[in-house]
Amino acid sequence: MDLTTTITGFVALYIFMLAAFTGYEIIGRVPAILHTPLMSGSNFVHGIVVVGAMYALLNATSTAEQVIGFIGVLLGSGNAAGGYVVTERMLEMFKPSDKNKTEKKA
Amino acid sequence: MNSTQLFIDASYFAAAFLFIYGLKRMSSPVTARSGIVVAGVGMLVATLASFLYVFGVDPAAQAHLTTNVALAATALVVGTGWAWWSGKRVAMTAMPQMVALYNGMGGGAAAAIAAVELLRVNAAHETVPLVVTIIGALIGAISLAGSLIAWAKLDGRINGTWRMRGQQLFNGTVFLATLVLGLYIVFAMHGHAPPAIIAAFFVGAFIFGVLMTMPIGGADMPVVISLYNAFTGLAVGFEGYVLQNPALMIAGMVVGSAGTLLTLLMAKAMNRSVANVIFSNFGVAGEEQQGEIKGSQKAAEAGDAAINMRYASKVIIAPGYGLAVAQAQHKLYEFVKLLTDAGVEVKFAIHPVAGRMPGHMNVLLAEAGVPYDMIYDLEDINGEFKEADVAVVIGANDTVNPAARTNKSSPIYGMPILNVDQARQVYVIKRGQGKGYSGVENELFFADNTNLVYGDAQKVMVAMIQAVKSLDGGGH
């Protein structure tokens, strides 16, 4: 496969470092009430692995590679779809409570 | 072909942006819902774009292209379909094990990418990518095996913990052997190892993941799941480097670091280190070390307890996982509304590890419609128990055990707890006389100001609602 970009040693390290700080900053400010949906949400995000598995499977040349690639895509897509559905279901329940607040005040 | 690659690269860039932006929005309750949708769009874009790989496959793979595309489409449909179906119908109480399962699948996928990479016979393997492949494979396979065990334990498919003498030595040996195989593949075979060796490496990593997770008790599982979540993120990031795919690198590493931080936060909430969670034999030694508990357990009727609360001025409720198991959160909120209508001040006190995951209890209460402003974290509410007339413990045990404060020999000593014992009157709603998840006896149940209301939480709540209703309905 003809790759237009190559990510070599230090460029990779820069990407990893900046991404690591990004993740740290995002989570650091999250209130405890959102920890479960957030864990599930970050679990969804690494479902992007399915894209890598797609690449592996589409470039497979032997039966062994095909079988393992198939399993990879199967698992990866399960990770992505499952993570999404579950996170969305949880976050949907976290409704702003202003209705209850006004009720209380009244 | 270059324009195709450009389109793929642009899609991945968009995906990486949408993931970070989505996660950012997920960090506030107000925008959280839109955050996951934003991240979802990113996933959709990236996955669809990856089908464009067909225009640039390896010449060697050209002959297999039709089969491979069919396989990819099938795997996508089956994997997505199954996960969608299972995710839609899983109960909120079972959420932690479901997250563990999906997470394990991600780890497995990362390991699969590594395996395909290692099996590629005619590839010119360079040392650095090869080392990264192996590390990613190791972490991914451990995450897969560990997550499966965590899922099975939380789902009640494996009961208790499994230990043996010299286990840590044995685990260490398995890990070392796996590592040696990995080094052998990289440095001796330069990535052209026979499939049997590669298989042995993966089997070793998988077995180590099982061995590492089996001795860890159910109460510690949330920390472990979070750790494996971070593991999978790292594995995905590493395999992303191997595949030269920045979207995988960024998404994987963001999750890797976020997951690590979340793991540390959880362990801190339990007043333990991550190493302690993973390597200590929590809960085994408990039985011998426990001191004699003085006093006796006093039972109370649900109706009497309810009326007592109806005439209290301040009630704090400490719910635990047992509440959710009994599916009693809706009835509980109905009862709470009766109390607040009668002018009682009611607050919910949430322990950081209430439920099976930090924040799990908030999800369960939100499901029942309990508004935010009634729910308080441990630090915010612990000072208020002294002023409370009644504290109600429903389906919680270890998180309200005063031994964590007082008894140095207790396995849960040092864990922050809700100080329910400081309330004037404590009611504990409980199925029977069993111990908590950690297997530790609870002194609170024997305290002078504690009464136990035995029964299924849902039935108890119904009885309480009736008691208050008949009182107020009958005129006073």
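Worth saying up front: this structure is predicted, and the values here are computed from it rather than measured.

Observations concerning the overall build of chain B
Scanning chain B from terminus to terminus reveals 18 helices and six strands. Dimensions along the principal axes, computed over C-alpha positions, put chain B at roughly 85 × 50 × 30 Å. For chain B, with 476 residues in total, the buried portion stands at 57%. Taking the intrachain contacts of chain B between residues at least 6 apart in sequence as the baseline, contacts between residues at least 24 apart amount to 77%. Counting only carbon and sulfur atoms, one obtains 63% of the accessible surface of chain B, whose full area is about 18700 Å². A distance of 2 Å separates the average location of the 29 positive side-chain charges in chain B from that of its 30 negative side-chain charges.

A closer look at the nonpolar core
Residues and elements named next belong to chain B. In terms of nonpolar packing, the biggest core is built from 166 residues, with Phe202, Met309 and Met464 touching the most fellow members. The element contributing the most residues to this core is helix H4 (residues 95-119), with 15 residues. Residues within four places of Met464 in sequence aside, it is in contact with Ala302, Ala305, Ala306, Met309, Phe335 and Ile429. Residues Ile316, Ala349, Ile381 and Leu418 belong to the second largest nonpolar core, which totals 20 residues.

Quick word on the packing of helix H5 (residues 127-154) of chain B against helix H7 (residues 195-213) of chain B
Residue and element names in this part refer to chain B. Taken N-terminus to C-terminus, the directions of H5 and H7 make an angle of 40°; their axes are 7 Å apart at the nearest point. Relative to H7, the element H5 is oriented oblique. Considering the relative orientation of H5 and H7, their crossing is right-handed. Residues Ile134, Ala137, Leu138, Ala141, Ile142, Leu144, Ala145, Gly146, Leu148, Ile149, Ala150 and Lys153 of H5 form the contact with H7, whose participating residues are Phe201, Phe202, Ala205, Phe206, Phe208, Gly209, Val210, Met212 and Thr213. Of the residues assigned to the contact of H5 with H7, the class counts are 17 nonpolar, three polar and one charged.

Topic: the interface of chain A and chain B
With 86 residues of chain A in contact, the opposing surface of chain B contributes 108 residues. Across the chain A/chain B interface, buried area totals approximately 9000 Å², and carbon plus sulfur atoms make up 75% of it. Run the count over chain A and chain B and you get one salt bridge. A salt bridge links B:Arg33 to A:Glu88; its shortest N-O distance comes to 2.4 Å. Put simply, chain A and chain B have 18 residue pairs in polar contact (both at pLDDT 80 or more) between them.

Quick look at the packing of aromatic side chains
Applying the stated rule across the entire model yields ten aromatic pairs over all chains. For the pair A:Phe16 and B:Phe238, a centre-to-centre distance of 5.9 Å together with 80° between the ring planes defines the contact as edge-to-face. Here A:Phe16, found in helix H1 (residues 9-28), pairs with B:Phe238, found in helix H8 (residues 221-242), and the two come from separate chains. B:Phe238 carries the same exposure label as A:Phe16, and that label is buried. On the basis of an interplanar angle of 70° and a centroid distance of 4.9 Å, the ring pair of A:Tyr55 and B:Tyr53 is categorised as edge-to-face. Taken together, the residues span two chains, with A:Tyr55 in helix H3 (residues 49-58) and B:Tyr53 in the loop between helix H2 (32-50) and helix H3 (65-89). Across the pair, B:Tyr53 and A:Tyr55 agree in class, each one buried.

Looking at the sheet that holds strand S6 (residues 450-454) of chain B
Residue and element names in this part refer to chain B. Pairing is parallel across the open sheet formed by six strands, whose spatial order is S3-S2-S1-S4-S5-S6. At either end of the open sheet lies a strand with only one pairing partner, and these are strand S3 (375-377) and S6. Here the strands of the sheet are splayed against their neighbours by 25° on average, with no regard to which way each runs. Running over the sheet, helix H14 (residues 329-341) touches strand S1 (314-319), strand S2 (345-350) and strand S4 (390-394) and is turned about 145° from S2. Where helix H15 (residues 360-367) meets the sheet, its contacts fall on S1, S2 and S3, and the angle it forms with S2 comes to roughly 140°.

Points about helix H6 (residues 167-188) of chain B
All names here are of chain B. Compared with an ideal rise of 1.5 Å per residue, which puts 22 residues at 32 Å, H6 spans 30 Å between its outermost C-alpha atoms and is within 8% of the ideal. Within the sequence span of H6, burial applies to Gln167, Asn171, Val174, Thr178, Gly182, Ile185 and Val186. For H6, the angular spread of buried residues about the axis comes to 110°, placing them on one side. H6 presents Leu169, Leu176 and Val180 as exposed residues on the side facing more than 90 degrees away from its buried surface. Contact partners of the buried residues in H6: H4, H5 and H7. Among the residues trailing H6, His190 stands out with phi positive, at a value near 50°.

Examining the side chain of B:Glu117
Residue and element names in this part refer to chain B. Its place among the elements puts Glu117 in helix H4. Taking relative accessible area as the criterion, Glu117 reaches 14% and is therefore assigned buried. In contact with Glu117, not counting residues within four places along its chain, are His125, Thr133, Val242 and Leu243.

What counts as what
- Residues numbered from 1 in each chain as written.
- Chains lettered and ligands numbered in written order.
- Predicted model: local features only at pLDDT ≥ 70, side-chain atom pairs only at ≥ 80, totals over all residues.
- Heavy atoms only, no water.
- Helix = DSSP H or I, 4+ residues; strand = E, 2+ residues; numbered from the N terminus.
- Buried < 20%, exposed > 50% of the residue type's maximum accessible area, 1.4 Å probe, protein only.
- Contact = heavy atoms within 4.5 Å.
- Areas by Shrake-Rupley, 256 points an atom, 1.4 Å probe, with all protein chains shown as cover.
- Lys, Arg positive; Asp, Glu negative; His and termini not counted.
- Charge placed at Lys NZ, Arg CZ, Asp CG, Glu CD.
- Core = buried A, V, L, I, M, F, W, Y, C linked by side-chain atoms within 4.5 Å.
- Axes fitted to C-alpha atoms, helices over the stretch in contact; angles between N-to-C directions.
- Parallel < 35°, antiparallel > 145°, perpendicular 65-115°, else oblique.
- Left-handed = near helix turned anticlockwise from the far one by under 90°.
- Nonpolar A, V, L, I, M, F, W, Y, C, P; charged D, E, K, R; others polar.
- Buried area = accessible area lost by both parts, 1.4 Å probe.
- Salt bridge = Lys/Arg side-chain N within 4 Å of Asp/Glu carboxyl O.
- Polar contact = N/O pair within 3.5 Å; in protein donor to acceptor, adjacent residues only side chain to side chain.
- Phe/Tyr/Trp six-rings, centres within 6.5 Å; stacked < 30°, edge-to-face > 60°.
- Pairing = 2+ DSSP bridges.
- Expected span 1.5 Å × (residues − 1).
- Arc of directions from axis to C-beta.

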